[in-house]
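Residue-level listing of the chains:
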Amino acid sequence: MFSNSPNFNHHPHPPENEVGDHQQEIPNNDFDDIDIEAKKEPIKVCIRIRPLNAKEKKRGDELVVDFDDFSIGFNPKIYKSKGSGVREKAFTFDCCFGPNSTQDDVFSESGLTTLLKYAIDGYSSTIFAYGQTGSGKTYTIIGNEEDSPGILQRASMFIFDYIAHITAKQEEAQISIKTRASCLEIYQETVNDLLNTSSKNLPVRWSNRDGFFVENLCVVEVDNLQELMTVLNEGISNRKVASHELNKDSSRSHSIFTIQFEVTTSDVNDGFESKKYGSIRFVDLAGSEKLKVSKSKSVYETSSINKSLLTLGKVISALSSPKKETPYVPFRDSKLTKLLMDSLGGEAKTMMIGCITPSSHYAEETHRTLTYASRVKKIKNIPVTKIDPKEKYIMKLKEEIKSLRDELAVYKTKSVSSTPSTKVRTIVSRSDYRAAVIEFPRVERRRVSTKHPEADQVLFEPKLPFIEKKRKDDRAATGFTKIIESNESGRDEEEEHEKRKEINQSIQSLKGLLEEERQINLEKIPQLKAKIRLLAEDNKRWKRIVRRNMDFDSEEYDKIKLENKILKKFLEESGIPNPLQDLKNYLPPSLEEDHELDSLSDKDGKESRISDISDVYSDPSEMNLVSCKDEEDY
Ligand SMILES: Nc1ncnc2c1ncn2[C@@H]1O[C@H](COP(=O)(O)OP(=O)(O)OP(=O)(O)O)[C@@H](O)[C@H]1O
């Protein structure tokens, strides 16, 4: 179960120099456009007020603070009466917990569960407790093991429940999550491994990829809640704790408990695997204390705690400074601030729990904690997921291929669809095409033939000149001349002529609109070709990267190759046929059966077949996408 990790932030990435090479090779193209401002988010700050303890009650200390869900205010009357000189003030925070709040309230209402979800989703997350000695930091983070576990234990339970929940989903991708844990303490500026007590004074090193990390820290892989709790309890029991006037179990070191997640997602469609590396750190800081008050036995210990907290205070002040120019941030001045660098103004998602005592006796310390807490609230981080650069790049290529496919599919559907576009449909309905061409003659025929069955044949047969005379003779013979003449010379014929005129105009409009659509589609082809070329170039570049990357799995390479083959095939298949080869596709299906439609004379008497409209278009092959020349290079 135990393994030694070279790094505090260790994740199984390729060796750093190789990553460096990848980073140079991977094109920094438009895939990487990041809106920095939009991604900035302030550190979340919660305040927890502990109840007065027995000593404070006995002394008759009064409550120095008021609070509601989101703000803390000093009670001016009480506070001023103590003559501390600190002004009345109200502070606003993301949430505030009063003396009666339970451990569960803090866990479930602080937003910690969201932070945990982010950690499992590949973000670095940090939660740290800050405050004077005896204010309840350890109680909040670690809790009281027997009856009141802290957020660390509650988070551990949540983590395994949540992992079970997301791995059970397994829809488009299969997810497997490895969980690891490590514990360390910073005691008098030395870093000690809490899981391997013989491992002391570990070096804090810098890496371009991980930032500051602790070298040779023991990182343990855990499979379930029980194993995780065993590891964390081991770390908790090894911390330096000592008794002083203000706290009988005072933490004499800063402890950091880290739970890491390696999330492997494999695409069920193509088997492509990607990894994300998230983590959550629980930081229980040692509390600041006045030596005079705490009467701690070790002066050096106390001054060392205060010194590192002072550096943390300077870092917080510098990062929250309203000045426009970036001030010097003294991260390197202590090991604590080095290891918290990513959490303060970095790429982590961070939450601070400011712990305060309500006692008027410690009003000054409480005021200081609240001032720091409100400064921390001004610090903004830019959280990012930790993904291996090469996998990130593959994922982006996959996304690009997918969007390209979608675009082509839309394009293809639009060009060859039998459903007319909205514009065309509007024209069709506006011209009342159906009514004009089908319904009008039908209604008219029905009307006449009901009244005068003999006239039906004569009226609705084709009116070709050579039979026209014969019909007139027939009409005279049948005695229906009057009726026929009134129909021929009357309003109905005019109406029919008008309708035909309208139909011809509609056809012309349709021609115009369809030509317009065709032009728009033609204009899209170069853009699509350019996109395909860009993709092909990127793929070529990627191929070079793959070749250079000795540890790159040949399977992944084959997958990329396959993707490109599929893309090539897809492009070959995406020849766009003439969208107007058959205008009937654009018309209601019933029209196809009507003989009346086969021949319609325009006003010049020329016959205009609907299918002729397609003649205005050039060879459909013009609309085919040219296959990418670079394909052979894939
Ligand atoms: N919200 C709370 N409810 C009940 N008891 C609390 C609460 N907060 C703290 N305590 C009690 O107060 C005492 C001091 O708390 P704790 O050890 O957590 O302080 P601390 O800030 O970690 O101090 P130090 O910096 O010295 O380690 C403990 O006995 C703890 O059980």
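Residue positions are counted from 1 within each chain, in the order its sequence is given. Where totals are concerned, whole chains, interfaces and linings use all residues; where local detail is concerned, this predicted model gives features only for residues with pLDDT of at least 70, and gives and counts side-chain atom pairs only at 80 or more. Only hydrogens and water are set aside; all other atoms, that is, all heavy atoms of the structure, feed into the side-chain values.

Caption draft 1: Summary view of the overall build of the chain. The secondary structure content of the chain amounts to 21 helices and 21 strands. Categorising residues by exposure relies on relative accessible area from a 1.4 Å probe, with only protein chains included: less than 20% of the type maximum marks a residue as buried, more than 50% marks it as exposed, and the intermediate range marks it as partly exposed. In the chain, which comprises 634 residues, the share counted as buried stands at 48%. Within the chain, contacts between residues separated by at least 24 positions form 75% of all contacts whose residues are at least 6 apart in sequence. Of the roughly 32,400 Å² that the chain leaves accessible, carbon and sulfur atoms contribute 49%. Helical segments are the DSSP runs of H or I of at least four residues, strand segments are the runs of E of at least two, and each set is numbered from the N terminus. Contact definition: two residues touch when any of their heavy atoms are within 4.5 Å. Computed by Shrake-Rupley with a 1.4 Å probe, the accessible areas treat only the displayed protein chains as cover when residues are assessed.

Caption draft 2: Region of interest: the environment of valine 204. Mapping valine 204 onto the fold places it in strand E13 (residues 204–207). Sequence separation between valine 204 and lysine 338 is 134 residues, and the spatial gap between their C-alpha atoms is 8.1 Å. In this structure, valine 204 is in contact with Val191, Phe212, Phe213, Val214, Lys335, Lys338 and Leu339, ignoring residues within four places of it in sequence.

Caption draft 3: Just the packing of helix H6 (residues 112–120) against helix H8 (residues 151–169), in detail. For every element, the axis is a line fit to its C-alpha atoms; helices are fit only across the contacting stretch, and the angle between N-to-C directions ranges from 0 to 180 degrees. Contact pair H6 / H8: the axes reach a minimum separation of 10 Å and the direction vectors enclose 55°. On the basis of their axis angle, the class for H6 and H8 is oblique. Read as a crossing pair, H6 and H8 show a hand that is right-handed. Along the contact surface, H6 presents Leu112, Thr113, Leu116, Lys117 and Ile120, while H8 presents Ile151, Ala155, Phe158, Ile159, Tyr162, Ile163 and Ile166. Any angle from 65 to 115 degrees is called roughly perpendicular, while one under 35 is roughly parallel, one over 145 is roughly antiparallel, and all others are oblique. The handedness criterion is simple: a crossing whose near helix is rotated anticlockwise from the far helix by less than a right angle is left-handed, and one whose near helix is rotated clockwise is right-handed.

Caption draft 4: Structural context of the site of the ligand. Around the ligand, 15 residues are found, and the nearest of them are Thr133, Lys137, Thr138, Tyr139 and Ser250. Any pair of N or O atoms that falls within 3.5 Å is considered a polar contact. Within protein, one atom must be able to donate a hydrogen and the other to accept it, and sequence-neighbouring residues count only if both atoms are side-chain atoms. Between the ligand and threonine 133 there is a distance of 2.5 Å, counted from an oxygen atom to a side-chain nitrogen or oxygen. With respect to the ligand, the backbone of serine 135 contributes an N or O atom lying 3.1 Å from an oxygen atom. Computed on the free molecule, the ligand has an accessible area of 620 Å², of which 77% lies beneath the protein chains in the complex. If you list the elements that add at least two residues to the shell around the ligand, you get helix H7 (137–141) and strand E17 (247–251). Looking at the shell around the ligand residue by residue, the classes come out as two nonpolar, 10 polar and three charged. Throughout this document, a residue counts as near a molecule or strand when at least one of its heavy atoms sits within 4 Å of that molecule or strand. For this classification, Asp, Glu, Lys and Arg are treated as charged, while Ala, Val, Leu, Ile, Met, Phe, Trp, Tyr, Cys and Pro are nonpolar and the rest, including Gly, are polar.

Caption draft 5: Highlighting the packing of aromatic side chains. Aromatic rings from Phe, Tyr and Trp, with only the six-membered ring used for Trp, were paired whenever their centres fell within 6.5 Å, and each pair was classed as stacked if the ring planes differed by under 30 degrees, edge-to-face if by over 60, and tilted otherwise. Under the definition given, this model contains six aromatic pairs. The interplanar angle of 65° and the centroid separation of 5.7 Å between the aromatic rings of tyrosine 130 and tyrosine 372 together place this pair among those described as edge-to-face. Highlighted residues: tyrosine 130 in strand E8 (residues 124–130) and tyrosine 372 in helix H13 (residues 363–376), separated in sequence by 242 residues. Comparing tyrosine 130 with tyrosine 372 shows no difference in burial state: the two are buried.

Caption draft 6: Broad picture of the UniProt feature "binding site: ATP" (unreviewed entry) in the chain. UniProt positions are given in the numbering used here, feature names are shortened, and annotations may be inferred rather than shown by experiment. Within this numbering scheme, the UniProt entry marks Gly131, Gln132, Thr133, Gly134, Ser135, Gly136, Lys137 and Thr138 as carrying the feature "binding site: ATP" (unreviewed entry). Relative to the assigned elements, glutamine 132 resides in the loop between E8 and H7. The class for glutamine 132 is buried, based on a relative accessible area of 4%. If we skip the residues at most four places from it in the chain, glutamine 132 touches Lys137, Gly287, Ser288, Cys355, Thr357, Tyr362, Glu365 and Thr369. Structurally, threonine 133 can be placed in the loop between E8 and H7. Take threonine 133: its relative accessible area is 4%, and that puts it in the buried class.

Caption draft 7: Spotlight on the pattern of salt bridges. Salt-bridge detection follows one rule: a side-chain nitrogen of Lys or Arg within 4 Å of a carboxyl oxygen of Asp or Glu. A full pass over the atoms with the stated rule returns nine salt bridges. We note a salt bridge from glutamate 262 to lysine 275, for which the minimum N-O separation is 3.4 Å. With glutamate 262 in strand E18 (residues 254–267) and lysine 275 in strand E19 (residues 273–284), this pair connects stretches of sequence that are 13 residues apart. Take glutamate 262: its relative accessible area is 4%, and that puts it in the buried class. Through salt bridges with shared partners, a single ionic network connects Arg180, Glu221, Glu262 and Lys275.

Caption draft 8: How the structure looks around H13. What a helix should span is 1.5 Å times the count of its residues minus one. With 14 residues, H13 should cover 20 Å at 1.5 Å per step; its first-to-last C-alpha distance of 20 Å lies within 8% of that length. Counting buried residues along H13, 10 of its 14 residues qualify, which places the element largely inside the surrounding structure. The set of residues buried in H13 consists of Ala363, Glu365, Thr366, His367, Thr369, Leu370, Tyr372, Ala373, Ser374 and Val376.

Caption draft 9: Focus on unusual backbone geometry. At glutamine 188, a residue that is not glycine, the phi angle is positive and equals roughly 45°. The exposure class assigned to glutamine 188 is partly exposed, which follows from its relative accessible area of 23%. Here the phi dihedral of glutamate 189 falls at roughly 65°; this positive angle occurs in a residue that is not glycine. In this fold, glutamate 189 is placed in the loop between strand E11 (173–187) and strand E12 (190–193). Residue glutamate 189 is classed as partly exposed on the basis of its relative accessible area of 29%.

Caption draft 10: Focus on the environment of threonine 92. Residue position: threonine 92 is located in strand E6 (residues 90–92). Between the alpha carbons of threonine 92 and serine 71 there is a distance of 4.2 Å; along the sequence they are 21 residues apart. With residues up to four places along the chain from it excluded, the contact list for threonine 92 reads Phe70, Ser71 and Lys377.

Caption draft 11: Geometry of the side chain of serine 359. Within the fold, serine 359 resides in the loop between strand E20 (349–356) and H13. In this structure the side chain of serine 359 is engaged in a polar contact, spanning 2.7 Å, whose partner is the side chain of aspartate 61. A polar contact of 3.0 Å, which involves the side chain of serine 359, links it to the backbone nitrogen of histidine 361. Beyond its immediate stretch of four places on either side in the chain, serine 359 contacts Leu52, Glu56, Arg59, Asp61, Glu62 and Val64.

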